[in-house]
Amino acid sequence: MSGNSGSNQMWGGRFAAGPSAIMREINASIPFDKALWRQDIAASKAHVGMLAAQGIVTSEDAELIAGGLDRVAAEYEADGVPENWDLEDIHMTTESRLAELIGPVAGRLHTARSRNDQVATDFRLWVRDAIDQADAGLRQLQAALVERAGDHADSIMPGFTHLQTAQPVTLGHHLMAYYEMAARDRSRLADARKRMNRSPLGAAALAGTGFPIDRFRTAEALGFDGPTDNSLDSVSDRDFALDYLMAAAQCSLHLSRLAEEFIIWASQPFGFVTLPDSLSTGSSIMPQKKNPDAAELVRGHAGRIVGCLTSLMITMKGLPLAYSKDMQDDKPPVFEAAGLLALSIAAMTGMVAEAKFRTDRMRAAAELGYATATDLADWLVRQANIPFREAHHITGSAVKLAESRGVALDQLPLADLRAIDPRIDERVFAALSVEASVAARASHGGTAPAEVRKRVAEARAALGLED
């Protein structure tokens, strides 16, 4: 027989003590739910204040408990939350320290509540804070987009479909597209916040409590719109976390698209933008390289955030009412997603604010990409009364000729255009420049500089930015 005969080789290593060691580690959530300590202290103070108001505990005991909770909070703030796995979670950790500080009266704090409604309350408060932080970050991103869009309302660049030059647009118009995406992201977060802003505190383990508690009082004290209406649902609901993750995932997709634009634009074949040094890295072997690592990581973070959403969805998909221990795994994906989202928003805000746009390169690309071909076709329809399909064919011939000579459409001589179709006259040149093309797109939401400035002014007003 080999090995240590004093240990069970089935468990081995750190689990040499057997099943109890495994249970201790798998059951403990303190390594991650310690992040809830501020919310746990706040909810506990609201709860004990209500208990005193209802005469369930004495005012003296309530004051002693509240003072003790403040001392625990000060310790956590200064030194962090200790990780004693035997205490399992943040709730027992706080209650244990409270008992050490004020004695047996600490046990009265848990009257008329359970760890089930306690964690549901703490987690809602944490997610609500995460929503508020994401919203504030997105507002800063919007402000950066609006400022740069205003600066570049006239800057012409190629607009793409299929990553092929399609029609000329302005850089300001392009940036304002991401402003709109961020506005929808903020709307989704606001919807999630409104839906989740009900307090589960007082639902107890699953059936409510026989104590004469006032759930409306604790809900108001914690900034909720009111208490939840079904105790079973209260302790088993994680829709609020999924709502947040869905909004975070969609937001991360928008950030990833913006990051991809900067990655492409910063590449040498495009050369549309120079990224800030503070958000780029060099190569360990190629001294000429300036890598868009921050943008690439934002793009990568989107996959992880979507994975966090999927993780919690799968965790919740088959759980019967009410609480199950599986739900202990609800917090890590939310905490991870929130951290990644905050980083991604901050990175893209800095990139938008500090990037140097090469508008000369953008304009040259728009001209060489024959982005005004649609304008030629439209002119033939309007001015020469040619059916669009025929106009499309004529325009294709003009593009082929310009391409063979390496010039823009408006640089082709009139004689060459008339050789393609004699119905073309000198008026066509007023429609073929990239400036004319963007100026003509003055419909609501179009790329015309005047329209972009109008949208920028509206956005500045919506954000409360000073002129």
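Coordinates for the structure precede this section.
Residues numbered from 1 in each chain as written. Predicted model: local features only at pLDDT ≥ 70, side-chain atom pairs only at ≥ 80, totals over all residues. Heavy atoms only, no water.

1. Here's the deal with the nonpolar core
Heads up, the condition is: Buried Ala, Val, Leu, Ile, Met, Phe, Trp, Tyr and Cys residues form a nonpolar core when they are joined through side-chain atoms within 4.5 Å. Only protein chains enter the accessibility calculation, which uses a 1.4 Å probe; a residue whose area is less than 20% of its type maximum is buried, one above 50% is exposed, and one in between is partly exposed. Secondary structure is summarised from DSSP: a helix means a run of H or I of at least four residues, a strand means a run of E of at least two, and numbering begins at the N terminus for each. By the convention used here, residues are in contact when the closest approach between their heavy atoms is within 4.5 Å.
V127, Y244, F262, W265, V334, L341 and M348 are the most contacted members of the largest nonpolar core, which has 97 residues in total. The dominant element in this core, judged by the number of residues it contributes, is helix α10 (residues 239-266), at 16 residues. What W265 contacts, discounting residues up to four positions off in sequence, is M157, L171, H174, F270, G271, F272, V273, F357 and M362. Grouped together as the second largest cluster of nonpolar side chains are 20 residues, W379, L380, A431 and L432 included.

2. Here we look at the pairing of strand β1 (residues 156-161)
Spelled out, the test is: One requirement defines pairing of two strands: DSSP has to find at least two bridges between them.
Where β1 lies against strand β2 (residues 164-170), 6 bridges are found, and the strand directions are antiparallel. Bridged to M157 within β2 is V169. Count of turn residues in the β1/β2 antiparallel hairpin: 2 residues, of which H162 carries a positive phi of about 55 degrees.

3. Quick look at the side chain of T349
Along the chain, the position of T349 falls in helix α12 (residues 331-354). Take T349: its relative accessible area is 15%, and that puts it in the buried class. Setting aside residues no more than four positions away along its own chain, T349 makes contact with G137, Q140, L141 and A144.

4. Overview of the layout of surface pockets
Threshold: Buriedness of a pocket was judged along seven lines, with at least five required to meet protein on both sides within 12 Å; pockets are open sets of points on a 1 Å grid over the protein atoms alone, cavities are sets where a 1.4 Å probe fits but cannot get out, and lining residues have an atom within 4 Å of a point. Grid points are joined across faces, edges and corners, and a volume is the space filled by probe spheres set on the points. Classification used: nonpolar for Ala, Val, Leu, Ile, Met, Phe, Trp, Tyr, Cys and Pro, charged for Asp, Glu, Lys and Arg, polar for all others including Gly.
Counted as a void, the largest pocket has a volume near 410 Å³. At the level of elements, β1, β2, α7 (171-196) and α10 are the ones that each hand at least two residues to the lining of the largest pocket. Here the lining of the largest pocket is composed, by residue class, of 9 nonpolar, 6 polar and 3 charged.

5. Brief notes about helix α3 (residues 37-53)
Inclusion rule: The span one expects for a helix is its residue count, reduced by one, times 1.5 Å.
In a regular helix each residue adds 1.5 Å, so 17 residues correspond to 24 Å; α3 covers 24 Å between its end C-alpha atoms and thus fits that length. Among the residues making up α3, those that are buried are W37, Q39, D40, I41, A43, S44, A46, H47, V48, M50 and L51. At the C-terminal side of α3, G55 shows a positive phi close to 75 degrees.

6. Remarks on the packing of α3 against helix α4 (residues 59-79)
Our working definition: Axes here refer to lines fitted to C-alpha atoms; in helices the fit is confined to the stretch in contact. Angles between the N-to-C directions go from 0 to 180 degrees. Roughly parallel here means an angle under 35 degrees, roughly antiparallel means over 145, roughly perpendicular means 65 to 115, and every remaining angle is called oblique.
Two numbers describe how α3 lies on α4: the axes approach to 9 Å, and their chain directions differ by 175 degrees. The angle between α3 and α4 falls in the class roughly antiparallel. Between α3, through W37, R38, I41, S44, K45, V48 and A52, and α4, the contact on the second element is made entirely by S59, A62, I65, A66, L69, D70, V72, A73, Y76 and E77. Class assignment of the residues belonging to the contact of α3 with α4 gives a composition of 11 nonpolar, 2 polar and 4 charged.

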